[in-house]
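Now for the letters of each chain:
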Amino acid sequence: MRTKFLAGVVGAAMTLGGTALAQGAAAPAKVAATKAPAVAAKGKAEATWWGHAAFIIRSPGGAVIAIDPWLTNPKAPQGAAQPEALDAILLTHGHFDHVGEAKALAQKTGAKVFGSFELINLLGLPEAQAVGANAGGTFQVKDVTLHLVEAVHSSSYAADPKSAPQYAGAPLGYVLEMANGPTLYHAGDTGPFEGMSLIATQFKPTVALLPIGGHFTMGPAEAAQAVRLLKVKSVIPMHYGTFPLLQGTPEALTGELKKLRSTAKVVTPEPGAATAL
Ligand SMILES: [Zn+2]
């Protein structure tokens, strides 16, 4: 069952990859793309979407943080340089489409890797780079205060796709509070949950990165409810269109927000383009 699912996903990824890249080449970028996403303008807060749930965030103080770095996903920007320097890598959970190339990036950059205690243990990173933690934890990465928050999902990790996956602890979301900058919330894979209103009260995020694909996570209607609970001004949809199973679209999210009379803005960056936060 699992093997069959994975084979299906890989097959779909390869098919979609061709389509997505071909479309990406034909369509003009909505925001100016940079050739090296990790090297954005200094002094600004920026998010670069790498497709799926992968983002490279740059803080006003120059912290560069990768979240769920599956940088070889079917929607990843074509020909873009992978980051050479990272201060931290944040993992929301152990599924392959979120852990991605975290281990290789950690090795290349020396960045600390944050995740659930169980997942970090399974990754077998050098001790100095391994930060196994859990929801409720707070950490400092340069000018960014990181808060680990809950997510409603599952989590397992298989070091080798042929081996049985192991329990990888509870899934997580991350709030990135940037000094003299915005507060960003990456929900990871999740359904909507009431605790999002606590995230709103405690951290007052201004922008949320929310999954909208459905099937494994929230779809557009649930994501609109999440926007309402989070009280964010803008939302960047993610985790859609990567595989045929993930059918939610930003247009559907916009429609659902209208139904709720929400004024939140839906921002849809092209993969590889640095978006000011
Ligand atoms: Zn997942």
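Everything quoted here is computed from the prediction, not taken from an experiment. (Residues numbered from 1 in each chain as written. Predicted model: local features only at pLDDT ≥ 70, side-chain atom pairs only at ≥ 80, totals over all residues.)

**Q** What is the right way to look at the overall build of the protein chain in this model?
**A** When helices and strands are tallied, the protein chain shows seven helices and 16 strands. Looking at the protein chain as a whole, 49% of its 277 residues are labelled buried. Counting contacts in the protein chain only where the partners sit at least 6 residues apart, residues at least 24 apart contribute 63% of the total. (Helix = DSSP H or I, 4+ residues; strand = E, 2+ residues; numbered from the N terminus. Buried ≥ 20, exposed ≤ 12 C-beta atoms within 10 Å, placed from the backbone. Contact = placed C-beta atoms within 7 Å.)

**Q** Would you mind showing me how to read the sheet that holds strand β2 (residues 55–58) here?
**A** Sheets are built from strands paired through backbone hydrogen bonds, the pairs being either parallel or antiparallel. Strand order in the open sheet formed by seven strands is β6-β5-β4-β3-β2-β1-β16, with mixed pairing between adjacent strands. With one partner strand each, in any of the chains shown, β6 (130–133) and β16 (274–276) form the two edges of the open sheet. The sheet shows a mean angle of 25° between the axes of neighbouring strands, direction not considered. Bridge count between strand β1 (residues 46–49) and β2: four bridges; the pairing is antiparallel. Note on β2: the bridge partner recorded for Thr 48 is Ile 56. Across the sheet, helix α3 (residues 102–109) touches β3 (64–67), β4 (88–90) and β5 (112–116), and the angle it forms with β4 is around 170°. (Pairing = 2+ DSSP bridges. Axes fitted to C-alpha atoms, helices over the stretch in contact; angles between N-to-C directions.)

**Q** Quick question: what am I supposed to make of the sheet that holds strand β12 (residues 183–186) here?
**A** What the seven strands build is an open sheet, ordered β7-β8-β11-β12-β13-β14-β15; its pairing is mixed. Where the open sheet ends on each side, the last strands, each with one partner, are β7 (138–141) and β15 (265–266). Taken together, the four bridges between strand β11 (residues 172–178) and β12 define a ladder with antiparallel strand orientation. When the bridges of β12 are listed, Leu 176 appears paired with Leu 184.

**Q** Would you mind showing me how to read the pairing of β5 here?
**A** Most of β5 is tucked away, with four of its five residues classed as buried. Here three bridges tie β4 to β5, and the two strands are oriented parallel to one another. Paired with Ala 88 across the two strands is Lys 112, which belongs to β5. In terms of strand pairing, β5 meets β6 through four bridges, oriented parallel.

**Q** Would you mind going over the pairing of strand β14 (residues 234–238) with me for this structure?
**A** Successive side chains on a regular strand alternate, one facing one side of the sheet and the next facing the other. For β14, a buried count of four out of five residues is recorded, marking the element as mostly surrounded by other parts of the structure. When strand β13 (residues 207–211) meets β14, the two strands line up parallel, connected through five bridges. By the bridge assignment for β14, Ala 208 is matched with Val 235. A crossover connection joins β13 to the parallel β14 through helix α6 (residues 220–230); in handedness this β-α-β unit is right-handed. Where β14 meets β15, two bridges bridge the pair, whose relative direction is parallel. From the neighbouring strand, Val 235 faces β15, where its bridge partner is Val 266. This β-α-β element, β14 to helix α7 (residues 250–259) to β15, shows right-handed connectivity. (Right-handed = clockwise from strand over helix to strand, strands pointing away.)

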